[in-house]
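Spelled out, the chains give:
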Amino acid sequence: MAKEKTLFFCKDCGYETTKWQGQCPGCHAWNTMVEAPAVKKGKNGSSVRRTEMSAKPAKINEIETQGESRQETGMPELDRVLGGGIVPGSLILVGGDPGIGKSTLLLQMCRLLAEKKNRVLYISGEESARQIKLRAERIGTFSDELMLFSETCMSAVVQAVEEVSPKVVIIDSIQTMFEETVDAAPGSVSQVREVTGVLLRLAKSKNITVFIVGHVTKEGNVAGPRMLEHMVDTVLYFEGDKTAMYRMLRGVKNRFGSTNEVGVFEMQNQGLIEVPNPSEYMMQGRLENEAGSVVVCTMEGTRPFLIEVQALVCQTSFPMPRRTAVGTDYNRVNLLMAVLEKRLGVRMADCDAYVNVAGGMKVTEPALDLALVAALLSSHHGRSLDSDVILFGEVGLVGEVRAVSQAERRIAEAIKTGYTTCILPDSNCRSIQKAGNLDVSGIRLIGVKHIRELLEYI
């Protein structure tokens, strides 16, 4: 009996070879080669199903271009991330941690699309139709345009799509589907690659939108080969802590829109509720006139967020002070504390320091630096900033305050939320006043060049 031929695939780039190697020759990543059975090839030597080609090469100037017609999902936060709605014929990958709300989000989208007389086919390889029905009853009433199908075989899935002729198809999840021509377990590298190829051809040939739910690894990446993200048109990540009060939908790839948009949702008993004003939502429960508490305006793509940064600095009786950072980079906090000691002479070597970004947010952008410095100084000196003060800016190693991007958007958000004083980099302040594009009559702008000026203000 002939031995079954196997190949080794790289999980990151999809490179294949006949023998195992510690380093991938394609992307030079270490320990990414996995073994999988070779795909059975047809008589013509190809594993890809042949399709009739009706299109021919054409000159670029002879091709007519027109705007893509989009279908709104009925969820403005989701439409924002997708670039205005779903594009027919697109393949969209939705990833996220287990239990974060991927299936709930897509089921709510299916409900709204079905109400607009759009036929939707929800295919689940993890739950039975009865289980999906029980989960759907918690969300609300559904139209008959939504059809459920519990199946894992791709040939049955393709046949169901041809019979139903839906406009939108949901695959939950890609790791449970298998192609009969591939002798490998569902979820393996070769199976995920072949199944995605079948769904890609199905979406383009039938002009239907296909949503794929993907599991993630412990590193936070979509399980399977990295090629999966290259094959699809849009990649969305559903982020957030299960214990936090919010969920954030972020686009990391979008061929039909911007990747600088995020959508914010709140998980409740009846499903995901959209949060149209995240800044007001994040600031709920903040105590005013407390030392160590400041407000910073950060950017998630092109969307401004007002977030509270808290710091607690206290004397320690141990020889090694403790440093803790929640919601931001731990090393960045240590760096800023070293800058305070060297440039301002503020002694913190014998103090414990605890920094927290309230609300469960995770912020790593440099504009958070000035707020971290202000919170540490405020807690160390026991003096609070006024409740109507907001800060943002990057701090360098010599203590200079450097400019950040999209300063006008940040100030506009502060004005809309009711803040009357903004401490920002001096270069940003002068450029805004010179441009004159923003009405700053309702807010006082304080430009600082060095953190020494911030210390004088506190």
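Going by the structure above, here's the rest.
On a predicted model such as this, the values are computed, not experimentally measured, just so you know.

### Section: the sheet that holds strand S11 (residues 262-268)
Picture the strands of a sheet paired through backbone hydrogen bonds; they go either parallel or antiparallel.
Here is step 1: Strand order in the open sheet made by the nine strands is S6-S5-S7-S8-S4-S9-S10-S11-S12, with mixed pairing throughout. Where the open sheet ends on each side, the last strands, each with one partner, are strand S6 (146-150) and strand S12 (271-274). The average undirected angle you get between the axes of adjacent strands in this sheet is 25°.
Here is step 2: Both strand S4 (residues 91-96) and strand S9 (residues 234-239) contribute to a ladder of five bridges, which runs parallel. Following the sheet pairing, Leu 93 is matched in S9 by Val 235.

### A short note on the state of the cysteines
Here is step 1: In this structure the tally under the stated criterion is zero disulfides.
Here is step 2: Between Cys 351, a free cysteine, and Cys 314, which holds the nearest cysteine sulfur, the sulfur-to-sulfur gap is 7.3 Å.
Here is step 3: On the basis of relative accessible area, Cys 351 is assigned to the buried category, the value being 2%.

### Some remarks on the pairing of S9
Here is step 1: Taking burial as the measure, the six residues of S9 include five buried ones, the bulk of the element.
Here is step 2: With six bridges joining them, S9 and strand S10 (residues 247-254) adopt antiparallel strand pairing. Across the sheet, the residue bridging to Glu 239 is Met 248, located in S10.

### Topic: the packing of helix H2 (residues 102-115) against helix H3 (residues 129-139)
Here is step 1: In the contact formed by H2 and H3, the axes pass within 11 Å of each other and the chain directions differ by 70°. When the axis of H2 is compared with that of H3, the two are roughly perpendicular. Of the residues in H3, those touching H2 at Ser 103, Thr 104, Leu 107, Gln 108 and Arg 111 are Ile 132, Arg 135, Ala 136, Arg 138 and Ile 139.
Here is step 2: Classifying every residue of the contact of H2 with H3 gives four nonpolar, three polar and three charged.

### Concerning the packing of aromatic side chains
Here is step 1: Evaluation of the coordinates by the stated rule reveals one aromatic pair.
Here is step 2: Ring centres of Phe 238 and Phe 265 lie 6.0 Å apart, and the angle between their planes is 75°; on these two criteria the pair is classed as edge-to-face. Here Phe 238 is found in strand S9, whereas its partner Phe 265 is found in strand S11, with 27 residues between them in sequence. The pair formed by Phe 238 and Phe 265 is uniform in burial state, with each residue classed as buried.
Here is step 3: Stacked on the ring of Phe 392, the Lys or Arg Arg 410 has its end atom at 5.6 Å from the ring centre.

Rules used in this analysis
- Residues numbered from 1 in each chain as written.
- Predicted model: local features only at pLDDT ≥ 70, side-chain atom pairs only at ≥ 80, totals over all residues.
- Heavy atoms only, no water.
- Pairing = 2+ DSSP bridges.
- Helix = DSSP H or I, 4+ residues; strand = E, 2+ residues; numbered from the N terminus.
- Axes fitted to C-alpha atoms, helices over the stretch in contact; angles between N-to-C directions.
- Disulfide = S-S within 2.5 Å.
- Buried < 20%, exposed > 50% of the residue type's maximum accessible area, 1.4 Å probe, protein only.
- Parallel < 35°, antiparallel > 145°, perpendicular 65-115°, else oblique.
- Contact = heavy atoms within 4.5 Å.
- Nonpolar A, V, L, I, M, F, W, Y, C, P; charged D, E, K, R; others polar.
- Phe/Tyr/Trp six-rings, centres within 6.5 Å; stacked < 30°, edge-to-face > 60°.
- Lys NZ or Arg CZ within 6 Å of the ring centre and 35° of its normal.

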